[in-house]
Amino acid sequence: MVAIVPHSKLHDLFLDSARSGPQRAAVCAGTLTISYQELDRLRCEISQAIASISGGAQRLPIGMLCSKGIPAYAAILGILASNNVYVPIDLSGPRERASQIILAAKLRILIVDEESSVELSRLLGDATHGYAMIFLNAGGVPLGVLRPSSLDTHSSMLPADSSLGVDGPPFSDDLAYIMFTSGSTGVPKGVPVSHASVVSMLCSLTKLLPVSECDRYSQFTDLTFDISIGELFLCWATGACLYAPSSRDKLDPIGFVRRNGLTVWSSVPTLAEFVMERSKIQFSRPTTLKMSLFCGEAMSLELARFWKKLSPEAALYNLYGPTEAAVYSTVYRFDESDPEVPDPLPIGLPLATVQVKIADASCGDCAKGELLLAGAQVFDGYLGGSPSTESPFVVDTASGDGWYKTGDIVSYSEEFGLLFRGRKDHQIKLRGYRIEMQEVEAALRAAVQGKAAVAVLRDQSSRPLELIAFVSMSAPADRTIREFLGARLPAYMLPRFIYRLPSFPINANGKTDYRALEGLARGMAMAKQTSINDTTAG
């Protein structure tokens, strides 16, 4: 069992492992493997570079523009160990979103690796406030500082002791990172998370999971997704080694596991669905796995059963948690021998450092309501306040305590704990009827026998709203799907069109990209309208 000091900082967990096992492997990225001692040396150099250019100021938000690899991992540790705040930025996404994050977080310092430096000119176009950049080479070593006012001159490269004279600290001493998530207003909202919140989560989680310093962890998750924080520090707190897959490795995840002898798998269920589809061509077992962690979206029962067939010796855990509650809040261990396990998989019971309550739910085993969270893991509020007029918290009138409103609808089962029932805000109105899209998708997934399936609303100004279904190429015939849905859903909930895709678009967090599918649905309608008009004109 791993012992974590409840009041330590996140980077202290890494430092404890570095002191107890300096020669153990900490990270393997591509052909390069570095030890805890070597990663700590890089961490120290980056911390010193930050301190020198900030004039000694601390508690600053620092942007990290690094692709997944050793420079990025060293930068995260260097930012945290210098008592500053880590803000990851995705350079592969829209320029506007990256600029919004830079401005919202009031970044003054950016850390950039060699691979990401080519995107700087694209990103800096809208940056109006002054900041400095620390460049890291491929090995994670700081090269120097570049001032934004003279990007085109070699003379702008300054030694690491050139102070930027940054103003006073804007954040609390305990703030660890700010993750930006999609906002209902269309502007990313910043979620500040403290060291104490994440350490509390890790203290609870490590008491439930069979972890050890001998483990080898996968890290498929993008660094702008908060699950990555859970993966990094669950691994480093136990003195284990983290394995970062290359682009080619992501095309063969099980091969990646087998080649590296990984013992812990961590991903969103979508990646497991990719493995399930690929297994029809080539089925191979990841024989070294002892534990599989899934989080980020609902996991179907069929997918869980497939995964246990693929890796029967590995314990399968379905984890749940919003970014606002420090990565993981509840956990359920799947028992494939139990015929009563509901679909999708339960999200289980809360960690010891999380309190849960179901709002607006009457007494009874099947009562449904919005899941509310409180406790040491829950954040204090969004960066700059709530992005909308509605507070993310509801106050208990009896105790005066604030509870975070997750927006997730759940029910409670004595046998399985919390059951995910859909999103409170994932509701549409079509031809006067209120429709929960999760209900449509649940029936659709059952119709295609657990294969990938998504329902979206096609909204066009010149055409009536339409429900559209996307299914995989290997799904049953359209007629079979429609007959199945027609027997279970009212007519107004039936998809008007069913489209087949060889693969589903994935967003930066590894989840199904609903916005891309909505755009694809609109494009298909426009193409069909053009075809009809052309035929008529002829």
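Here's what I pulled together on the structure shown here. (Residues numbered from 1 in each chain as written. Predicted model: local features only at pLDDT ≥ 70, side-chain atom pairs only at ≥ 80, totals over all residues. Heavy atoms only, no water.)

### Regarding the overall build of the protein chain
- Counting its secondary structure elements, the protein chain contains 15 helices and 27 strands.
- Within the protein chain, the proportion of its 538 residues that are buried is 54%.
- Contacts in the protein chain between residues far apart in sequence, at least 24 positions, make up 65% of those at least 6 positions apart.
- As displayed, the protein chain offers around 23500 Å² of accessible surface, 52% of which is attributable to carbon and sulfur atoms. (Helix = DSSP H or I, 4+ residues; strand = E, 2+ residues; numbered from the N terminus. Buried < 20%, exposed > 50% of the residue type's maximum accessible area, 1.4 Å probe, protein only. Contact = heavy atoms within 4.5 Å. Areas by Shrake-Rupley, 256 points an atom, 1.4 Å probe, with all protein chains shown as cover.)

### Some words on the packing of aromatic side chains
- Going through the model one piece at a time under the given rule, you end up with 15 aromatic pairs.
- With a centroid separation of 5.6 Å and an interplanar angle of 70 degrees, the aromatic rings of F14 and W236 are classed as edge-to-face. Placement of the pair is F14 in helix α1 (residues 10-20) and W236 in helix α8 (residues 227-237), with a sequence separation of 222 residues. Both residues of the pair, F14 and W236, belong to the buried class.
- Put simply, the rings of F14, Y36, Y73, F233 and W236 pair up and form one aromatic cluster.
- Across from the ring centre of Y36, 5.9 Å away, lies the NZ or CZ of R24, which sits over that ring. (Phe/Tyr/Trp six-rings, centres within 6.5 Å; stacked < 30°, edge-to-face > 60°. Lys NZ or Arg CZ within 6 Å of the ring centre and 35° of its normal.)

### Topic: helix α7 (residues 195-205)
- Counting buried positions along α7 gives ten out of eleven residues, so the element sits mostly inside the fold.
- Where α7 is buried, its residues contact α1, α3 (70-81), β9 (175-181), β10 (189-194), α8 and β15 (315-320).

### With respect to the side chain of T512
- Looking at the element boundaries, T512 is found in the loop between β27 (497-501) and α15 (514-537).
- For T512, a relative accessible area of 15% puts it in the buried group.
- Setting aside chain neighbours within four positions, we find T512 in contact with T270, E297, V454, F504, P505, I506, N507 and L517.

### A look at the pairing of β10
- Extensive coverage of β10 is indicated by the burial of six of its six residues.
- Burial along β10 is two-sided: K189, V191 and V193 and G190, P192 and S194, pointing in opposite directions, are all buried.
- One ladder, built from six bridges, connects β9 with β10; its direction is antiparallel. Bridge assignment links L175 to a residue of β10, and that residue is S194. (Pairing = 2+ DSSP bridges.)

### Quick notes on the packing of α1 against α8
- α8 packs onto α1 with a crossing angle of 35 degrees between their chain directions and a minimal axis gap of 8 Å. Crossing angle aside, the handedness with which α1 passes α8 is left-handed. Of α8, the residues touching α1 (which contributes L10, H11, L13, F14 and S17) are F233, W236 and A237.
- Looking at the contact of α1 with α8 residue by residue, the class counts come to six nonpolar, two polar and no charged. (Axes fitted to C-alpha atoms, helices over the stretch in contact; angles between N-to-C directions. Left-handed = near helix turned anticlockwise from the far one by under 90°. Nonpolar A, V, L, I, M, F, W, Y, C, P; charged D, E, K, R; others polar.)

### Some details on the environment of W403
- Along the chain, W403 turns up in strand β21 (residues 402-413).
- Assessed through its relative accessible area of 8%, W403 is described here as buried.
- Along the chain, W403 and L373 lie 30 residues apart, while their C-alpha atoms are 5.4 Å from each other.
- If sequence neighbours within four positions are ignored, W403 has contacts with Q355, V356, K357, L372, L373, A374, P392, F393, V394 and D396.

### Notes on the packing of helix α13 (residues 437-447) against helix α14 (residues 478-486)
- One way to put it is that α13 packs onto α14 with a least axis distance of 9 Å and a crossing angle of 130 degrees. On the basis of the axis angle, α13 is oblique to α14. Here α13 runs over α14; the crossing is right-handed. Side by side, α13 and α14 meet where A443, L444, A446 and A447 of the first sit next to I481, F484 and L485 of the second.
- For the contact of α13 with α14, the per-class residue count stands at seven nonpolar, no polar and no charged. (Parallel < 35°, antiparallel > 145°, perpendicular 65-115°, else oblique.)

### Some thoughts on the pairing of strand β19 (residues 368-374)
- Where burial is concerned, most of β19 is hidden: six out of the seven residues are buried.
- Judged from the five bridges that link them, strand β18 (residues 355-359) and β19 form a sheet pairing that is antiparallel. Directly across from Q355, in β19, lies its bridge partner A374.
- As paired strands, β19 and β21 are joined by five bridges and run antiparallel to one another. Considered in β21, the bridge of E370 is made with I409.

### Regarding unusual backbone geometry
- Note the cis peptide between D343 and P344, where omega equals 0 degrees.
- If you trace the backbone, P344 turns up in the loop between β16 (330-333) and β17 (349-350).
- The phi torsion at N83 lies on the positive side, around 65 degrees, for a residue other than glycine.
- Residue N83 is classed as buried on the basis of its relative accessible area, which comes to 17%.
- Even without a glycine there, the phi angle at K106 is positive, about 55 degrees.
- Tracing the backbone through its elements, the reader meets K106 in the loop between α4 (95-104) and β5 (109-113).

### Digging into the pattern of salt bridges
- Tallied over the full model, the rule gives 13 salt bridges.
- Among the salt bridges present, the one from D16 reaches R19, with a minimum N-O distance of 2.6 Å. Taken as a pair, D16 and R19 lie in helix α1 at a separation of three residues, close to a single helical turn.
- Owing to a relative accessible area of 58%, R19 belongs among the exposed residues under this scheme.
- With a shortest N-O distance of 2.6 Å, R43 and D40 are connected by a salt bridge. A residue pair is termed a helical-turn pair when its members lie 3 or 4 positions apart in one helix, as R43 and D40 do in helix α2 (residues 36-53) at three residues.
- Here R43 falls in the buried class, since its relative accessible area comes to 15%.
- Three or more residues joined by partner-sharing salt bridges are found here, namely D249, D252, R259 and R278. (Salt bridge = Lys/Arg side-chain N within 4 Å of Asp/Glu carboxyl O.)

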